[in-house]
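As a plain string of letters, each chain reads:
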Amino acid sequence: KQEVTQIPAALSVPEGENLVLNCSFTDSAIYNLQWFRQDPGKGLTSLLLIQSSQREQTSGRLNASLDKSSGRSTLYIAASQPGDSATYLCAVRSPGTASKLTFGTGTRLQVTL
Amino acid sequence: GAVVSQHPSWVICKSGTSVKIECRSLDFQATTMFWYRQFPKQSLMLMATSNEGSKATYEQGVEKDKFLINHASLTLSTLTVTSAHPEDSSFYICSARDPRADTQYFGPGTRLTVL
């Protein structure tokens, strides 16, 4: 059974800092991995999706990497802003699971002024 | 990206009543939709996979007679929480799979509070 863990559980940084969020998964046989953002009381916004054959994806100040063999992914946020404050979730889609996603435990990020 | 809506966005009900939550894909046809539950400060837990025209597939530990799922059309799935109790209070989120992009799009969620 796939298990997904995120470290740290919570993070507070001053505005302008670069930061890294970590995601690890137990079964390296994945179809893809996705990073989401969730604001309090809201649904999920997809940030980046990395296919199993890819090593990284970039969107603006966000860069996600994938090391499938070691079961790890990182989300790098450059020049953090207060508007980046949210919970970040990674989710793994395993092959042959009818598109089901297994979510990580999440990292609550707060970017302070 | 594609849009998925949920209705209602929040609901408060008395213990013992049933509550229906709707999930709609607004600009694509979704043969598969998913229902998740999220407790405060916790991650999303998949409850069931809803397939259009067939029975839903429930995850282990989820009572199918308590959480009734109907996926009668390619754009609508409903989750009915029957005989709700305070422990059913949670944030329920649906997602719909767009087969054109092989991607799930998530709804905004429904906050259920059972008194």
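Further up the page is the structure itself.
One structure accompanies this document, and this report is about it. (Residues numbered from 1 in each chain as written. Chains lettered and ligands numbered in written order. Predicted model: local features only at pLDDT ≥ 70, side-chain atom pairs only at ≥ 80, totals over all residues. Heavy atoms only, no water.)

1. Some words on the interface of chain B and chain A
Chain B puts 19 residues into the contact, and the matching count from chain A is 18 residues. Of the roughly 1,400 Å² buried between chain B and chain A, counting both surfaces, carbon and sulfur atoms make up 52%. When the buried surface of chain B facing chain A is broken down by residue, Ser43, Asp102 and Phe106 of chain B rank first, second and third, together holding 31% of it. Linking chain B with chain A are one salt bridge. A salt bridge links Lys100 of chain A to Glu59 of chain B, with the shortest nitrogen-to-oxygen separation between them at 3.1 Å. For the pair chain B and chain A, the interface holds six residue pairs in polar contact (both at pLDDT 80 or more). Considered class by class, the residues forming the side of chain B that touches chain A number eight nonpolar, six polar and five charged. (Contact = heavy atoms within 4.5 Å. Buried area = accessible area lost by both parts, 1.4 Å probe. Salt bridge = Lys/Arg side-chain N within 4 Å of Asp/Glu carboxyl O. Polar contact = N/O pair within 3.5 Å; in protein donor to acceptor, adjacent residues only side chain to side chain. Nonpolar A, V, L, I, M, F, W, Y, C, P; charged D, E, K, R; others polar.)

2. Some thoughts on the state of the cysteines
Considering all chains together, one arrives at two disulfides over all chains under this definition. Note on Cys13 of chain B: no disulfide assigned, nearest cysteine sulfur contributed by Cys94 of chain B at a separation of 18 Å. (Disulfide = S-S within 2.5 Å.)

3. Digging into the nonpolar core
Grouped together as the largest cluster of nonpolar side chains are 25 residues, with contacts concentrated most on Trp35, Phe67, Leu79, Tyr92 and Leu112 of chain B. Sequence-distant contacts of Leu112 of chain B, defined by excluding residues within four places in its chain, comprise Val11, Cys13, Val19, Val81, Asp88, Ser89, Ser90 and Tyr92 of chain B. Of all hydrophobic cores here, the second largest spans 22 residues; its members include Leu66, Ala86, Cys90 and Val111 of chain A. (Core = buried A, V, L, I, M, F, W, Y, C linked by side-chain atoms within 4.5 Å. Buried < 20%, exposed > 50% of the residue type's maximum accessible area, 1.4 Å probe, protein only.)

4. Focus on unusual backbone geometry
The amide bond that connects Ile7 of chain A to the next residue, Pro8 of chain A, takes the cis arrangement and shows omega of -5 degrees. With respect to the secondary-structure elements, Pro8 of chain A resides in the loop between strand 1 (4-7) and strand 2 (10-14). Note that the residue after His7 of chain B, namely Pro8 of chain B, is joined by a cis bond; omega there is 0 degrees. Mapped onto the secondary structure, Pro8 of chain B falls in the loop between strand 1 (4-7) and strand 2 (10-13). With a phi angle near 45 degrees, Ala79 of chain A is a residue other than glycine that sits in the positive phi range. Relative to the elements of secondary structure, Ala79 of chain A occurs in the loop between strand 8 (72-77) and strand 9 (86-93). (Helix = DSSP H or I, 4+ residues; strand = E, 2+ residues; numbered from the N terminus.)

5. Describing the side chain of Arg93 of chain A
As for its placement among the helices and strands, Arg93 of chain A is situated in strand 9. Other than its neighbours up to four places away in sequence, Arg93 of chain A contacts Ile30, Tyr31, Asn32, Ser99, Lys100 and Leu101 of chain A together with Asp102 of chain B.

6. A closer look at the sheet that holds strand 1 of chain B
Residues and elements named next belong to chain B. Strand order in this open sheet of four strands is 1-3-8-7, and the pairing throughout is antiparallel. The sheet is open, and its two borders are formed by strand 1 and strand 7 (67-73), each paired with just one other strand. Along the sheet, successive strands turn relative to each other by an average axial angle of 15 degrees, direction set aside. In the sheet, strand 1 pairs with strand 3 (residues 19-25) via four bridges, with the strands oriented antiparallel. (Pairing = 2+ DSSP bridges. Axes fitted to C-alpha atoms, helices over the stretch in contact; angles between N-to-C directions.)

7. Some thoughts on the packing of aromatic side chains
In the structure shown here, the tally under the stated rule is seven aromatic pairs over all chains. When the centroid spacing of 5.5 Å and the interplanar angle of 90 degrees are considered together, the rings of Phe103 of chain A and Tyr36 of chain B count as edge-to-face. Here Phe103 of chain A is found in strand 10 (residues 101-103), whereas its partner Tyr36 of chain B is found in strand 4 (residues 32-38) on a different chain. Side by side, Phe103 of chain A and Tyr36 of chain B carry an identical accessibility label, which is buried. By the ring-pair criterion, three or more aromatic residues cluster together here, those being Phe36 and Phe103 of chain A together with Tyr36 and Phe106 of chain B. Against the face of Phe67 of chain B rests Lys66 of chain B, its NZ or CZ located 6.0 Å from the ring centre. (Phe/Tyr/Trp six-rings, centres within 6.5 Å; stacked < 30°, edge-to-face > 60°. Lys NZ or Arg CZ within 6 Å of the ring centre and 35° of its normal.)

8. So, the side chain of Ser95 of chain B
Residues and elements named next belong to chain B. Mapped onto the elements of the fold, Ser95 is located in strand 9 (residues 90-98). One polar contact links Ser95 to Gln104, side chain to side chain, over a distance of 2.6 Å. With sequence-adjacent residues up to four places away left out, Ser95 is seen in contact with Thr32, Met33, Phe34, Tyr36, Gln104, Tyr105 and Phe106.

9. Digging into the pattern of salt bridges
Throughout the structure, instances matching the rule amount to six salt bridges over all chains. For Asp39 of chain A, the salt bridge goes to Arg37 of chain A, with nearest N and O atoms at 3.0 Å. By relative accessible area, which is 28% here, Asp39 of chain A ends up partly exposed. We note a salt bridge from Asp98 of chain B to Arg100 of chain B, for which the minimum N-O separation is 2.8 Å. With relative accessibility at 3%, the residue Asp98 of chain B sits in the buried group.

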